[in-house]
Amino acid sequence: MRQARKREILNFIDGLQQAHGEIREALEKHELSSVQTMLAECQEFAVELGNAIEETEGEECVTVSHVEEYCETLFRVFESMSSNVEESSAERTNAACEPNKVYKLLKKQLLRVENSVKNDIPVRREIAFFPYKAAMWDSLESVYLAAKEDPDCDAYCVPIPYFDLNDDHSFGLMHYEGNEYPQNIEITDWQTYQLEERKPDMIFIHNPYDEWNHVTSVHPRYYAKNLKQYTDQLVYIPYFILEEITSDDLERQRKIDSMKHFCFLPGTIYADKVVVQSEAMRQIYIEEYLKEAKQANFPASRLELEKKILGVGSPKIDKVVNAVKAESNIPEDWMRIIGKPNGELKKVIFYNISISTFLHYNEKWIEKVENTLRIFRENQEEVALLWRPHPLIENTMKSMRPGMVERYREIRDRYIEEAWGIYDDTPDLDRAIAISDAYYGDRSSVVQLYQQTGKPVMIQNIEVLN
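Residues numbered from 1 in each chain as written. Predicted model: local features only at pLDDT ≥ 70, side-chain atom pairs only at ≥ 80, totals over all residues. Heavy atoms only, no water.

1. Here's the deal with the sheet that holds strand β1 (residues 125-129)
- One open sheet accounts for 6 strands, arranged β2-β1-β5-β7-β8-β9; its pairing is parallel. Each of the sheet's edge strands pairs with one partner strand only, and the pair in question is β2 (153-157) and β9 (309-310).
- Together, β1, β2 and β5 (202-205) form the strand contacts of helix α6 (residues 141-149), whose direction differs from that of β2 by roughly 145°. (Pairing = 2+ DSSP bridges. Helix = DSSP H or I, 4+ residues; strand = E, 2+ residues; numbered from the N terminus. Contact = heavy atoms within 4.5 Å. Axes fitted to C-alpha atoms, helices over the stretch in contact; angles between N-to-C directions.)

Right, here's the structure in full:
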């Protein structure tokens with residue numbers, strides 16, 4: 001039985017206990033007709049209670065038998081107050097009409113039901129995961145798999161749609177990536193999972209932006225503020241890994257300033273728990289959240305944040321480590337690029353480009369990408385390039401730098417058409433990390449993940465074109 005349903009039943013039982021008090025008061029006033037009416041209503045409610053328990057736990061559940069005994073007690077008390085009761089039962093009738101004895105009898109029987117509900121009915125938790133980008137699923141995957149293995153838990157992966165935003169912030173094209181998840185992930189259709197009715201015990205999300213995003217938006221039904229109404233615990237786990245910032249870092253404040261916007265977003269505001277990558281990052285989140293909340297006149301308590309934000313690590317790192325250890329499924333067309341004529345394999349360089357670097361450098365960034373592709377094309381006999389742009393790079397261009405979209409598309413389409421390197425636009429970031437020998441490209445959360453493998457990382461300098 002779900003925890004929410006169990007609470008409803010216990011509240012239902014509490015209501016019956018209150019009715020017992022009203023029955024006692026009516027008996028004290030000798031209002032036997034009112035007593036009989038209330039007893040009949042308790043009987044109806046008890047039958048409904050038994051049916052509800054039987055529906056989820058089966059008719060063999062011991063709690064059902066206790067409910068039946070309670071119903072029999074109600075019936076005996078009701079009969080004893082009937083004007084047609086047999087003379088031989090007069091003594092029983094008089095005893096049953098004594099207010100305190102009736103109250104104690106009903107309370108004793110109902111207490112057995114209550115204790116059985118608490119102790120004999122196991123609780124099953126329902127956990128819903130609402131990812132939106134398949135490429136970001138790795139931030140939730142290890143938690144989902146652990147929940148699936150728990151025999152007392154029902155876990156659902158419910159990919160949700162998201163939309164491109166038009167210039168006026170209205171919703172444009174809708175995207176749904178539910179068919180792009182790994183084969184071992186059981187997908188539930190977002191249109192059939194009735195959030196408002198199911199009210200899962202826990203909800204996990206990896207999108208923190210909601211209406212604060214200027215490029216894309218998940219369906220408003222899945223904004224954190226709305227989800228919070230239908231669950232006991234909303235948990236936000238960032239889809240990214242940030243660069244760790246130590247207390248003795250000479251550029252500490254500059255680095256904090258560059259990431260502090262992540263600390264105060266709808267996801268962190270409305271979630272009951274926020275899971276970040278380390279204890280050091282947890283402290284930064286707490287401090288920056290408090291600063292932003294104060295500036296926005298938003299209520300915030302350090303004590304509550306200490307309980308809310310957890311620095312226990314990111315599931316993304318779990319996925320990367322497992323992907324490095326496991327054999328990766330490399331497509332045949334990729335192998336043709338990676339393999340040499342003599343049967344050896346080329347070194348594979350993971351080339352990653354990020355949104356933040358693009359927005360900072362604009363045209364220079366485009367020139368750098370084009371120059372980088374030219375250099376790798378000239379050296380394709382020895383090195384294989386695996387180019388993996390940020391999945392929202394083109395959407396960001398269309399929204400914030402529309403004049404640059406066409407040139408970027410020309411560069412990308414020419415690269416794909418010439419097919420001398422790998423173009424990876426799949427959701428499987430971990431495969432790219434696993435099969436590559438080194439990272440080259442912009443600073444991004446991918447760098448922090450890649451460093452977990454121990455393989456080389458080099459950040460491209462936009463100013464250098466040779």
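Next, the rest of the story.
2. Details of the packing of aromatic side chains
- Inspection of every chain in the model, using the stated rule, returns 30 aromatic pairs.
- Each ring, one from Phe-240 and one from Phe-262, has its centre 4.3 Å from the other, and the planes form 40°; the classification is tilted. One end of the pair, Phe-240, is in the loop between β7 (233-236) and α9 (252-259); the other, Phe-262, is in the loop between α9 and α10 (266-270), with 22 residues separating them in the sequence. One exposure class covers both Phe-240 and Phe-262, and it is buried. (Phe/Tyr/Trp six-rings, centres within 6.5 Å; stacked < 30°, edge-to-face > 60°. Buried < 20%, exposed > 50% of the residue type's maximum accessible area, 1.4 Å probe, protein only.)

3. A closer look at the environment of Pro-341
- With respect to the helices, strands and loops of the structure, Pro-341 is situated in the loop between α14 (332-338) and β10 (347-353).
- Remark: the alpha-carbon pair of Pro-341 and Glu-381, spanning 40 residues in sequence, is separated by 9.5 Å.

4. A word on a negative patch on the surface
- A contiguous patch of negative charge, built from Glu-54, Glu-59, Glu-60, Glu-68 and Glu-72, is present on the exposed surface.
- By the element assignment, Glu-72 lies in helix α3 (residues 62-80).
- Among the residues examined, Glu-72 registers a relative accessible area of 47% and is labelled partly exposed. (Patch = residues over 30% accessible without salt bridge, like charges linked within 9 Å, V, L, I, M, F, W, Y side chains within 5 Å. Areas by Shrake-Rupley, 256 points an atom, 1.4 Å probe, with all protein chains shown as cover. Salt bridge = Lys/Arg side-chain N within 4 Å of Asp/Glu carboxyl O. Lys, Arg positive; Asp, Glu negative; His and termini not counted. Charge placed at Lys NZ, Arg CZ, Asp CG, Glu CD.)

5. Notes on the sheet that holds strand β14 (residues 457-459)
- If you trace the 5 strands from one edge of the open sheet to the other, you get β12-β11-β10-β13-β14, paired in parallel fashion. If you trace the sheet from one side to the other, it starts and ends with β12 (422-423) and β14, each paired once.
- Contacts from helix α16 (residues 363-378) reach β10, β11 (383-389) and β13 (438-441), with the element oriented near 170° to β10.

6. Side note on the nonpolar core
- Formed by 68 residues in total, the largest nonpolar core has its most connected members in Phe-130, Met-259, Tyr-285, Trp-365 and Leu-373.
- Sort the elements by how many residues they give to this core and helix α11 (residues 279-295) lands first, with 7 residues.
- Not counting chain neighbours up to four residues away, the residues in contact with Tyr-285 comprise Pro-238, Phe-240, Leu-242, Met-259, Phe-262, Cys-263, Thr-268, Val-276 and Ile-309.
- Grouped together as the second largest cluster of nonpolar side chains are 29 residues, Ile-9, Leu-27, Val-35 and Leu-49 included. (Core = buried A, V, L, I, M, F, W, Y, C linked by side-chain atoms within 4.5 Å.)

7. Describing the confidence of the model for the protein chain
- Overall, the prediction assigns the protein chain a mean pLDDT of 91, with 95% of residues at 70 or greater.
- For residues 83-93, every residue scores under 50 in pLDDT, and the model assigns this stretch 6 contacts once sequence neighbours within four places are set aside. (pLDDT = per-residue confidence, 0-100.)

8. Structural notes on the environment of Ile-375
- Secondary-structure assignment places Ile-375 in helix α16.
- Sequence separation between Ile-375 and Asn-466 is 91 residues; the distance between their C-alpha atoms is 8.5 Å.

9. Some points on the packing of helix α1 (residues 3-28) against helix α2 (residues 32-57)
- Here α1 crosses α2 at 165°, and the two axes come no closer than 10 Å. Taken together, the axis directions place α1 and α2 in an arrangement best described as roughly antiparallel. Seen along the crossing, α1 lies across α2 with a hand that is left-handed. Of the residues in α2, those in contact with Arg-5, Ile-9, Phe-12, Ile-13, Leu-16, Ala-19, Glu-22, Ile-23, Ala-26 and Leu-27 of α1 are Leu-32, Val-35, Met-38, Leu-39, Cys-42, Phe-45, Leu-49, Ala-52 and Ile-53. (Parallel < 35°, antiparallel > 145°, perpendicular 65-115°, else oblique. Left-handed = near helix turned anticlockwise from the far one by under 90°.)

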